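# Survey of secondary and tertiary structure
Here is how the chains run, residue by residue.
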Amino acid sequence: MATRHFLTLLDLSQDEMRYLIQRAITIKNELKVQGPLYAPLRNRTLAMIFEKSSTRTRVSFETAMAHFGGHALFLSPRDTQLGRGEPIADTARVLSEMVDAVMIRTFSHPGLEAYAAASSVPVINALTDDYHPCQLLADVMTWTELRGGVAGRTAVWIGDGNNMCHSWINAARQFDFHLRICCPEGYEPRQDILEAAGDRVVILRDPAEAVTDADLITTDVWASMGQEEEQAKREADFTGLQVTEALLDRAKADALFLHCLPAHRGEEISETLLDDPRAVVWQEAGNRLHAQKALIEFLLLGRVEG
Ligand code: CP
Ligand code: NVA
């Protein structure tokens, strides 16, 4: 089988994406019933390169590999040769000789693509400045579990046109739902990513209009990792875009709220939003484990029926 990478949601076909979501739900239900007895990756290893901080992504990948009978290696640039300037293509070739897959969280998406081009084992994007596709697997899984399907429905992104927003746009393409993006002037998603999605994705400026009759609302921090020095300016520029319970009241009665986390209460969300029953962020975070198990299994073993 040719090496498959997962750098964006567009690396898999629509059919494969739907398979992954259903497979993740099956894996989750099996874990609930029998515990982590399914161990298809005995003695396999996943290298995890983290150039940015992480809680959910690291713990979910590491736990996924442990449950599957394999092993995950945490690699930080601080204590590998990557931090001392060893070329990424050299690192990719070396790791390809030893591990079965590589997961990378880094800044530059073109840098990740360069790594993948030199890797003969699957490479997974665990967040770049441009995309966060693993999070969208968990998000679409959560939406599917709770509402039975996403095709034809309407999601609303409120906030920065950032890596998460770009992956929501790609998810709208792959899973065939509508996406309204409500962002301030100057914080729009990348034009090429937006245009490729066609008219299923629109930009609106008024949050009240954007959420009206929507099925799902989501947001993210106003300053992402690497943008810490812009925090004060962004807080000013994003005024009026806080997601509150009252804003959610304008959406459908059974609307859901998602947030990739970590969240900043009192900034992009109200102090109490995560306590609202419409907020399903803990289930969403937990689903990172199951969605990534389905992804790793697919990349290393192909489709598993049943
Ligand atoms: N949502 C997410 O990717 O969280 P971490 O940064 O904690 O991995
Ligand atoms: N947009 C955020 C997502 C964190 C999971 C960031 O890149 O920091």
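Residues numbered from 1 in each chain as written. Chains lettered and ligands numbered in written order. Predicted model: local features only at pLDDT ≥ 70, side-chain atom pairs only at ≥ 80, totals over all residues.

### Structural notes on the sheet that holds strand S5 (residues 154-158)
Read from one edge to the other, the open sheet built from 5 strands follows the order S7-S6-S5-S8-S9, with strand pairing classed as parallel. Edge positions in the open sheet fall to strand S7 (201-204) and strand S9 (256-259), since each of these has one partner strand only. Direction aside, the axes of adjacent strands within the sheet are offset by 20° on average. Pairing analysis gives 4 bridges linking strand S8 (residues 216-219) to S9, with the strands arranged parallel. Its bridge partner lying in S9, isoleucine 217 is registered against phenylalanine 257. Against the sheet, helix H6 (residues 163-175) engages S5, strand S6 (178-182), S7 and S8, with an angle of about 160° to S6. (Pairing = 2+ DSSP bridges. Helix = DSSP H or I, 4+ residues; strand = E, 2+ residues; numbered from the N terminus. Axes fitted to C-alpha atoms, helices over the stretch in contact; angles between N-to-C directions. Contact = placed C-beta atoms within 7 Å.)

### Some thoughts on the site of ligand 1
Lining the immediate surroundings of ligand 1 are Ser54, Thr55, Arg56, Thr57, Leu127, Gln135, Cys260 and Leu261. In terms of residue class, the shell around ligand 1 is built from 3 nonpolar, 4 polar and 1 charged. (Near = placed C-beta within 6 Å. Nonpolar A, V, L, I, M, F, W, Y, C, P; charged D, E, K, R; others polar.)

### Notes on the sheet that holds strand S2 (residues 71-75)
Backbone-to-backbone hydrogen bonds pair the strands of a sheet. The strands run either parallel or antiparallel. With respect to topology, 4 strands assemble into an open sheet ordered S2-S1-S3-S4, the strand pairing being parallel. The sheet is open, and its two edges are formed by S2 and strand S4 (123-125), each paired on a single side. Going from strand to strand, the sheet's axes swing by 20° on average, the running direction of each strand aside.

### Structural notes on the environment of isoleucine 104
Looking at where isoleucine 104 falls in the secondary structure, it is placed in strand S3 (residues 101-105). Residue contacts for isoleucine 104: discarding those within four places in its chain leaves Ile49, Leu112, Tyr115, Val123, Asn125 and Ala126.

### Details of the site of ligand 2
In the vicinity of ligand 2, the contacting residues are Leu127, His132, Asn162, Asn163, Met164, Asp220, Val221, Ser224, Met225 and Cys260. Looking at side-chain class alone, the shell around ligand 2 contains 5 nonpolar, 4 polar and 1 charged residues.

### A few points about the nonpolar core
Side chains of nonpolar character tend, in soluble globular proteins, to be buried together. Grouped together as the largest cluster of nonpolar side chains are 92 residues, with contacts concentrated most on Leu46, Val102, Leu137, Trp168, Ile217 and Leu295. Not counting residues up to four positions away in its chain, the partners in contact with valine 102 are Ala47, Ile49, Leu95, Ser119, Val121 and Val123. (Core = buried A, V, L, I, M, F, W, Y, C linked by C-beta atoms within 7 Å. Buried ≥ 20, exposed ≤ 12 C-beta atoms within 10 Å, placed from the backbone.)

### A closer look at helix H5 (residues 133-147)
For an α-helix, 3.6 residues make a turn, and residues three or four places apart therefore share a direction. Between its first and last C-alpha atoms H5 spans 21 Å; for 15 residues at 1.5 Å apiece the expected length is 21 Å, and the two agree. The set of residues buried in H5 consists of Pro133, Cys134, Gln135, Leu136, Leu137, Ala138, Asp139, Val140, Met141, Thr142 and Trp143. (Expected span 1.5 Å × (residues − 1).)

### Comments concerning the UniProt feature "domain: Aspartate/ornithine carbamoyltransferase Asp/Orn-binding" (unreviewed entry) in the protein
Look at the UniProt record and you will see "domain: Aspartate/ornithine carbamoyltransferase Asp/Orn-binding" (unreviewed entry) annotated at residues 152-298. The span residues 152-298 carries 36% helix and 15% strand; its end-to-end C-alpha distance comes to 26 Å. (UniProt positions renumbered as here; feature names shortened; annotations may be inferred.)

### Structural notes on the environment of serine 54
Among the structural elements, serine 54 can be located in the loop between strand S1 (45-50) and helix H2 (56-67). A sequence separation of 138 residues divides serine 54 from aspartate 192, and the C-alpha atoms of the two residues are 28 Å apart.

### So, unusual backbone geometry
Look at the link from leucine 261 to proline 262: it is a cis peptide, with omega at 5°. Positionally, proline 262 belongs in the loop between S9 and helix H11 (281-301). Of note in the backbone geometry, aspartate 176 takes a positive phi value of approximately 60° without being a glycine. One can find aspartate 176 in the loop between H6 and S6.

### Observations concerning the packing of helix H3 (residues 88-98) against helix H4 (residues 109-117)
Pairs of packed helices are described in terms of their axes, by the angle between the two and the distance that separates them. Where H3 contacts H4, the two axes come as close as 8 Å, and the packing angle between them is 40°. In terms of orientation, H3 and H4 fall into the oblique class. Helix-helix and strand crossings are classified by hand; for H3 and H4 the assignment is right-handed. Here H3 contributes Ile88, Ala89 and Ala92 to the contact with H4, which in turn contributes Gly111, Ala114 and Tyr115. Class assignment of the residues belonging to the contact of H3 with H4 gives a composition of 5 nonpolar, 1 polar and no charged. (Parallel < 35°, antiparallel > 145°, perpendicular 65-115°, else oblique. Left-handed = near helix turned anticlockwise from the far one by under 90°.)

### A word on the environment of alanine 294
Turning to its location among the elements, alanine 294 is positioned in helix H11. The spacing of alanine 294 and isoleucine 27 is 267 residues in sequence and 7.3 Å in space, taken between C-alpha atoms. Leaving out residues up to four positions away in the same chain, alanine 294 has contacts with Leu20, Arg23, Ala24 and Ile27.

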